[in-house]
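What follows is the residue order along each chain.
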Amino acid sequence: MIYVSTRNNSKEYSFEEVFIKGLADDGGLYVPKSFKSYTHNELLELKYLNYNELSSEIVHQFSSDFISKDELSKLINKSYSTFREKEVVKISKLGEVNLLELFHGPTLAFKDVAMQFIGNLYQYYLSKNDKKINIVVATSGDTGAAAIDAIKGKTNLNIFVLHPNNKISSVQRKIMTTVEENNVFNIAIEGNFDDCQNIVKAMFSDLKFSKSINMSGVNSINWARIIAQTVYYFYSYFKLNKKTISFSVPTGNFGDVFAGYLAKKMGLPINKLIVATNENDILHRAISRGDYVSKEVKETSSPSMDIQLASNFERLIYYINKSDSKITKDIMKKVKQNSYQIEKNKLEIIQKDFISESCSEKETLDIIKNIYEKNNVILDPHTAIGVGAAHKLSFNDCVVLSTAHPCKFPDATINSINKYETLPEELSHVLNKQENFQVLENDVEEVKNFVKKNIKF
Ligand SMILES: *Cc1c(COP(=O)(O)O)cnc(C)c1O
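Any pair of aromatic rings gets described here by the distance separating the centres and the angle formed by the planes. For the structure shown, the criterion picks out 29 aromatic pairs. Aromatic pair F35 and F62: ring centres 6.1 Å apart, planes at 45°, arrangement tilted. In this pair, F35 sits in the loop between strand 3 (30-32) and helix 2 (40-46) while F62 sits in helix 3 (residues 51-63), placing the two residues 27 residues apart along the sequence. Judged by its relative accessible area of 21%, F35 falls in the partly exposed class. Relative accessible area serves as the criterion here: at 1%, F62 is assigned to the buried category.

See the structure below:
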């Protein structure tokens, strides 16, 4: 498959480059030049595949020049053998709504679905290439844990994870910082998630630095993550046996919901994708009225969505502008100056596929309470926002992506219902274990120096 950058689509890239580099040198995001759209009959043929088979089928569409279908299948089986659910994900009922439980992987959030796969994809790549790679990634809490679990102990790979100091839940932090393998480095930045993400971007754009350390990125713009996430949209559609289906997606960086958009572009009969945000509602303002202007990040009880500028939104901008990379590049300049208003005709295109809603802090805690009283289920605050958005928009029988296990966010559930879920047995040890992380200023050079100093293989 041929890939291009959203900011210059005259240059072509392979899946390998796209996967290993994450972000294009011109600052744009990689997108496939074209891809398969399944017909109704072709979709019927996929209906009875199990999760791993379906995953191999879909991921293969995008990576056939990199890995054979057979090897891919093996890799996927290995990746998902670490999950507590045999079928990787689980669909459960919550009143009329369907919950798509994506948190049965090793670090209890949906990020594991893509990350376990990516960890093994790196290993596959390194088995063919005599290289050493340094992964640097910013996290709002869950990506880092999932990436660390996927990379820890793998040879010729180091991972450096930047999280915003004191701005993620302590359970989230402990899952990352109690890992003992010596190829894992946790850095707490004195700033917010956007600061962490900006540092990683600046490190990438310093080509001399990033090339010198073979820097690689696994944040949610990595195309390999997106395609692994596309799979569960297909899976839900087949399992629920409906004519059309809508999804409510708790959204931060627009990665997960973009995977749903990709599924729709691949022919899956999705009606609407609900973009559910917390009080950091830039995407809600953008999708409901074209206002893509960021404000100060607020800290909420759903920290994995405390994001203003959503990196993956650039891919949507590219597609609604008919794959015109010149226009996309100009728009991204406006985004950088924080002055992008989406034109009315473009907004109408977006609103064919997307609808949005946001939930305040109080609403989020009320939803957790209502659901607990009505259904005796404890939701994590991110999932609660997905449920709340679906309710507010009267999408009563949609599929809500349940993105995290409630035990990761005990403070939120205690605030709401004075109860918390305990960690699954295999993770309970993290609560009392010695933590290991370095606090650094919000400063690119400091982080670069730390990385250079600690590179070891
Ligand atoms: C990362 C995350 C999100 C947001 O996903 P995006 O792909 O960034 O939109 C939502 N919920 C949880 C629990 C997460 O970890």
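Picking up where we left off.
Turning our attention to the site of the ligand. Around the ligand sit 15 residues in total, of which K111, D142, G252, N253 and D256 are the nearest. Between the ligand and D142 there is a distance of 2.5 Å, counted from an oxygen atom to a side-chain nitrogen or oxygen. The backbone of G255 places a nitrogen or oxygen atom 3.2 Å from an oxygen atom of the ligand. Residue classes in the shell around the ligand are distributed as 5 nonpolar, 7 polar and 3 charged.

A few words on the nonpolar core. If you look at the biggest cluster of nonpolar residues, it comprises 112 residues, and the most contacted ones within it are Y233, F254 and F313. A total of 12 residues in this core trace back to one element, the largest contributor, which is helix 10 (residues 223-240). Residues in contact with F254, not counting those within four places in the same chain, are V275, L283, I287, A310, N312, F313, L316 and F354.

This brings us to the pairing of strand 10 (residues 245-250). Of all 6 residues in strand 10, 6 are buried, a share of seventy percent or more. For strand 10 and strand 11 (residues 270-277), the ladder comprises 5 bridges, and the chain directions are parallel. Counterpart to F247 in the pairing with strand 11 is L273. Following the chain from strand 10 across helix 11 (residues 255-265) to the adjacent parallel strand 11, one finds a crossover that is right-handed. Examined bridge by bridge, strand 10 and strand 15 (residues 399-402) share 2 bridges and lie parallel to one another. Of the residues in strand 15, the one forming a bridge with S248 is V400.

It is worth spelling out unusual backbone geometry at this point. With phi around 70°, V88 is a residue other than glycine that occupies positive phi space. Looking at the element boundaries, V88 is found in the loop between helix 4 (69-80) and strand 4 (90-94).

Attention now goes to the sheet that holds strand 7 (residues 157-164). Spatially, 9-6-7-8-16 is the arrangement adopted by the 5 strands of the open sheet, whose pairing is parallel. Edge strands, defined here as strands with exactly one partner in the open sheet, are strand 9 (215-216) and strand 16 (438-440). In this sheet, strand 9 lies alongside strand 6 (residues 133-138) in parallel orientation, the contact comprising 2 bridges. Looking at the pairing, I135 lines up with S216 of strand 9.

Turning next to the environment of I226. By the secondary structure assignment, I226 is in helix 10. Of the residues examined, I226 reaches a relative accessible area of 1% and is grouped as buried. Along the primary structure I226 and L262 are separated by 36 residues, whereas in three dimensions their C-alpha atoms are 8.5 Å apart. Setting aside residues up to four positions removed in sequence, I226 forms contacts with S220, G255, F258, A259, L262, N312 and R315.

Rules behind the numbers
Residues numbered from 1 in each chain as written. Predicted model: local features only at pLDDT ≥ 70, side-chain atom pairs only at ≥ 80, totals over all residues. Heavy atoms only, no water. Phe/Tyr/Trp six-rings, centres within 6.5 Å; stacked < 30°, edge-to-face > 60°. Helix = DSSP H or I, 4+ residues; strand = E, 2+ residues; numbered from the N terminus. Buried < 20%, exposed > 50% of the residue type's maximum accessible area, 1.4 Å probe, protein only. Near = heavy atom within 4 Å. Polar contact = N/O pair within 3.5 Å; in protein donor to acceptor, adjacent residues only side chain to side chain. Nonpolar A, V, L, I, M, F, W, Y, C, P; charged D, E, K, R; others polar. Core = buried A, V, L, I, M, F, W, Y, C linked by side-chain atoms within 4.5 Å. Contact = heavy atoms within 4.5 Å. Pairing = 2+ DSSP bridges. Right-handed = clockwise from strand over helix to strand, strands pointing away.

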